[in-house]
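# Examination of the molecular architecture
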Amino acid sequence: YQTDRYGFFKRNGINLKEWKPVLRCHGYMGNNVLNLFYGDPVLGKLRFAEHLGIKYIVVENVVAVKEKDRERMLEILGLSNSKIMEIADILFQKELNEIRAKKKELPRTPENAKELDALDRMENMLKRDGILLEHIIKGAEIAYKAQKAREEYLDEGEWMEIER
C-alpha cells in the first residue's frame, strides 16, 4: 500500500500500529520510494520481497512491514546494491546476446518478418533502456539465494571437519 492521503489507511481498515518501519528513504528529490526510476536496487529489493509474499506499506517515504516479515525484509534490504546491479548487468547482457543470436539464426524471409521485427524492437528497447527492473528483481533473488546458501553452509559447520 502506498498513499500520501490523510486517513487512507484508517478508512481501509489498516491499523498502522501493526506495521514496523524497515527503511526510510532520503534524498530522492521529492519522489516517493515506489516512484524511483526502475534502475534503483532498492525498488528491485522491494519488488523481490513482494514475490516472497511480504506485504509493505509506504507512508511519507518510510517503508514498513508487519512484525512477522520484518526479519526477512531486513535481510533483503541488507543485500549489497553493487552485487545486485552486477548480477542484473550480467542478466541484461545475456538477454541482449540471446536476442542477437536468435536474429542471426533466422533467415531473412517473409515468413520470419514478424519475428525478426519483434526481435529488433526488443533489442532496441534493451539498448535504449539498459538494465530493466526485471533484471534487478532477478538479481536480488539470486543474491538472496546465494546469501542463504552461504549462511546454511556456515551454520552446518561441516566445513570445519578435517580428516587427518
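Residues numbered from 1 in each chain as written. Predicted model: local features only at pLDDT ≥ 70, side-chain atom pairs only at ≥ 80, totals over all residues. Heavy atoms only, no water.

## Things to note about the confidence of the model for the chain
Applied cut-off: A residue's pLDDT is the confidence the predictor assigns to it, expressed on a 0 to 100 scale. Counting from the N terminus, the helices are DSSP H or I runs at least four residues long and the strands are E runs at least two residues long.
On average, residues of the chain carry a pLDDT of 83, and 82% of them reach 70 or more. Averaged pLDDT values over the elements of the chain bottom out at 64 in strand E1 (residues 2-3) and peak at 94 in helix H3 (residues 67-77).

## Some details on the packing of helix H4 (residues 81-105) against helix H5 (residues 113-129)
Note the following rule: To get an axis, a line is fitted to the C-alpha atoms, and for a helix only the part in contact is used. The angle between two axes follows their N-to-C directions and goes from 0 to 180 degrees. With respect to orientation, any angle under 35 degrees is reported as roughly parallel, any angle over 145 as roughly antiparallel, any angle of 65 to 115 as roughly perpendicular, and every other angle as oblique. Crossings are assigned a handedness: left-handed for a near helix turned anticlockwise from the far helix by less than a right angle, right-handed for a clockwise turn. Contacts are assigned to residue pairs that have any heavy atoms within 4.5 Å of one another. Asp, Glu, Lys and Arg are counted as charged, while Ala, Val, Leu, Ile, Met, Phe, Trp, Tyr, Cys and Pro are counted as nonpolar; the rest, among them Gly, fall into the polar class.
In contact at an axis separation of 10 Å, H4 and H5 are set at 155° when each is read in the N-to-C sense. Considering the angle they form, H4 stands roughly antiparallel to H5. Crossing of H4 over H5 shows left-handed handedness. Touching Phe92, Glu95, Leu96, Ile99, Arg100, Lys102 and Lys103 of H4 are Leu116, Leu119, Asp120, Met122, Glu123, Leu126 and Lys127, all from H5. Grouping the amino acids of the contact of H4 with H5 by side-chain chemistry returns seven nonpolar, no polar and seven charged.

## Thoughts on the pattern of salt bridges
Rules: When a carboxyl oxygen of Asp or Glu lies within 4 Å of a side-chain nitrogen of Lys or Arg, that pair is called a salt bridge.
Under the definition given, this model contains 14 salt bridges. For Glu98, the salt bridge identified is with Lys94, shortest N-O distance 3.8 Å. Placement of the pair is Glu98 and Lys94 together in helix H4, with a separation of four residues, close to one helical turn. The salt bridge partner of Lys138 is Glu141, with a shortest N-O separation of 3.5 Å. Here the residue Lys138 and the residue Glu141 both occupy positions in helix H6 (residues 133-156), the gap between them amounting to three residues, near one helical turn.

## Topic: the nonpolar core
Threshold: Nine residue types can take part in a nonpolar core, namely buried Ala, Val, Leu, Ile, Met, Phe, Trp, Tyr and Cys, and a core is a set of them joined through side-chain atoms within 4.5 Å. The rule is simple: take the accessible area with a 1.4 Å probe, protein chains only, and divide by the maximum for that residue type; under 20% is buried, over 50% is exposed, in between is partly exposed.
In this structure, Leu46, Tyr56, Met73 and Ile76 are the most contacted members of the largest nonpolar core, which totals 24 residues. Listed by contribution, the elements that provide at least two residues to this core are helix H2 (41-51), strand E3 (56-59), strand E4 (62-66), H3, H4 and H6. Counting residues per element, this core draws most heavily on H6, which supplies six residues. Among all residues touching Ile76, those that are not within four sequence positions of it are Lys45, Phe48, Ala49, Leu52, Ile54 and Tyr144.

## Re H2
Extensive coverage of H2 is indicated by the burial of eight of its 11 residues. Residues of H2 that are buried: Pro41, Val42, Leu43, Gly44, Lys45, Leu46, Phe48 and Ala49. One or two positions beyond H2, positive phi appears at Gly53, with a value near 90°.

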